[in-house]
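The primary structure of each chain is shown beneath.
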Amino acid sequence: MTSNEPPRLQMRSARNIMGSGVVLGIAGGLLLWLMGYVGPVYFLPIVLIAAAVGGILFGVPGYLFERKVNREREEAHEEAEAEAARERRAARAMATSPTQMPAPAGTPVIVLQVGGAGGPYATVPAQTVMNFQGYGAAPTAPVATTAGGRGTTVAPAGAPGGHPSARPSTSAPPTWPLDEPLCVMETNREKDVWAVAQRAHILPEKIIGFTTLPPEEIAQEFGVLLTSVRKVSRVEGDANVDPGDLERIGNIIERHLEGGEGRVVVLPALENLVEAGNVRNVRRLLEVVRDLAQGSKGSMLVSLDPVSLPEANVSLLERGTFKLRESDLS
């Protein structure tokens, strides 16, 4: 039992109740013998039969009761884990919201100097820095307004004359090795997964995928067939797949992989399946799909957000998979 699983009763109460039934059965047999209802010849068989009947009458209800208690404990534990995962995702979303993120390297800025004396670039007591991002305009060189009213351009970070440490990273994006039956990415951005699939240059008819975003958006942006994209949603609909219906998800994947060699599957956001169901069932789904993909020379790419899941669950889901390196993620 892993550390994140709920504590389970060890059926001690059921065994104790059954033992009590056996004792009562034996006592009943002795009472019948003492009262003269049973002769010495039938004493031992009657005692054994009474013990068995007492054990069954008391033990079976005790066993069923403890199974019910264990099941309720597991459901309460899984519900608590799902609630904790939702809180972690909400905290992560707040921490990475655009209003709190620093401006990326190379963003043009306008520096307005307020007051000061001693020359055009003298140290000033206060300054206001305003960042202007987007608005559909091409980036322009930042302008510094001096105390004398003259303006001059300032080299942005990463440009010649800028600070070399502020240059953007040039690490290559991750690559999907199609000879690996099961690959995993750690990311909370679903489009990162589809971008990796797009760079693999897979024929549209050989790919099937699942998404929490509008399927039309995924099909148009990443060049996949709209009929090959399934929406994962709790909202009922013929084109929707419930994240807790792992059997249906597995059947869709199985039919696709059995259609021929070299077929692939994209399944982002495993944490949604875990939250709607059970991490052990999701792990079994991955194992089955891995075997199917290996037999058909196909591959499956999944993703998960490690922040939204307990560490033990992340290790369980990533066991036996090919993990795309985090340092390569763009």
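The paragraphs below set out a description of the structure included in this document.

Procedures and definitions
Residues numbered from 1 in each chain as written. Predicted model: local features only at pLDDT ≥ 70, side-chain atom pairs only at ≥ 80, totals over all residues. Heavy atoms only, no water. Helix = DSSP H or I, 4+ residues; strand = E, 2+ residues; numbered from the N terminus. Buried < 20%, exposed > 50% of the residue type's maximum accessible area, 1.4 Å probe, protein only. Pairing = 2+ DSSP bridges. Core = buried A, V, L, I, M, F, W, Y, C linked by side-chain atoms within 4.5 Å. Contact = heavy atoms within 4.5 Å.

Looking now at unusual backbone geometry. Although it is not a glycine, His201 adopts a positive phi angle of roughly 55°. By secondary structure assignment, the location of His201 is in the loop between helix H3 (190-199) and strand E6 (207-211). On the basis of relative accessible area, His201 is assigned to the exposed category, the value being 71%. Of note, Lys297 is a non-glycine position whose phi angle comes to about 55°, a positive value. Within the fold, Lys297 resides in the loop between helix H7 (279-295) and strand E10 (299-304).

A word on the pairing of strand E9 (residues 264-267). Of the two faces of E9, the one lined by Val264 and Val266 and the one lined by Val265 and Leu267 are each fully buried. With three bridges connecting them, E6 and E9 associate as parallel partners. Among the inter-strand pairings, Ile207 is bridged to a residue of E9, identified as Val264. Relative to E10, E9 runs parallel, the two being bridged by four bridges. In the strand pairing of E10, Val266 is matched with Leu301.

A few words on the nonpolar core. Ranked by size, the top nonpolar core spans 28 residues in total, and within it Phe210, Ile249, Ile253, Leu270, Met300, Val302 and Leu317 carry the most contacts. For this core, the secondary structure elements donating two or more residues are strand E5 (182-186), E6, helix H5 (246-257), E9, helix H6 (270-276), H7, E10 and helix H8 (311-318). In terms of residue count, H7 provides more of this core than any other element does, six residues in total. Among all residues touching Ile249, those that are not within four sequence positions of it are Phe210, Val241, Asp242, Pro243, Leu273 and Leu285. Of all hydrophobic cores here, the second largest spans 19 residues; its members include Cys183, Met185, Val193 and Val196.

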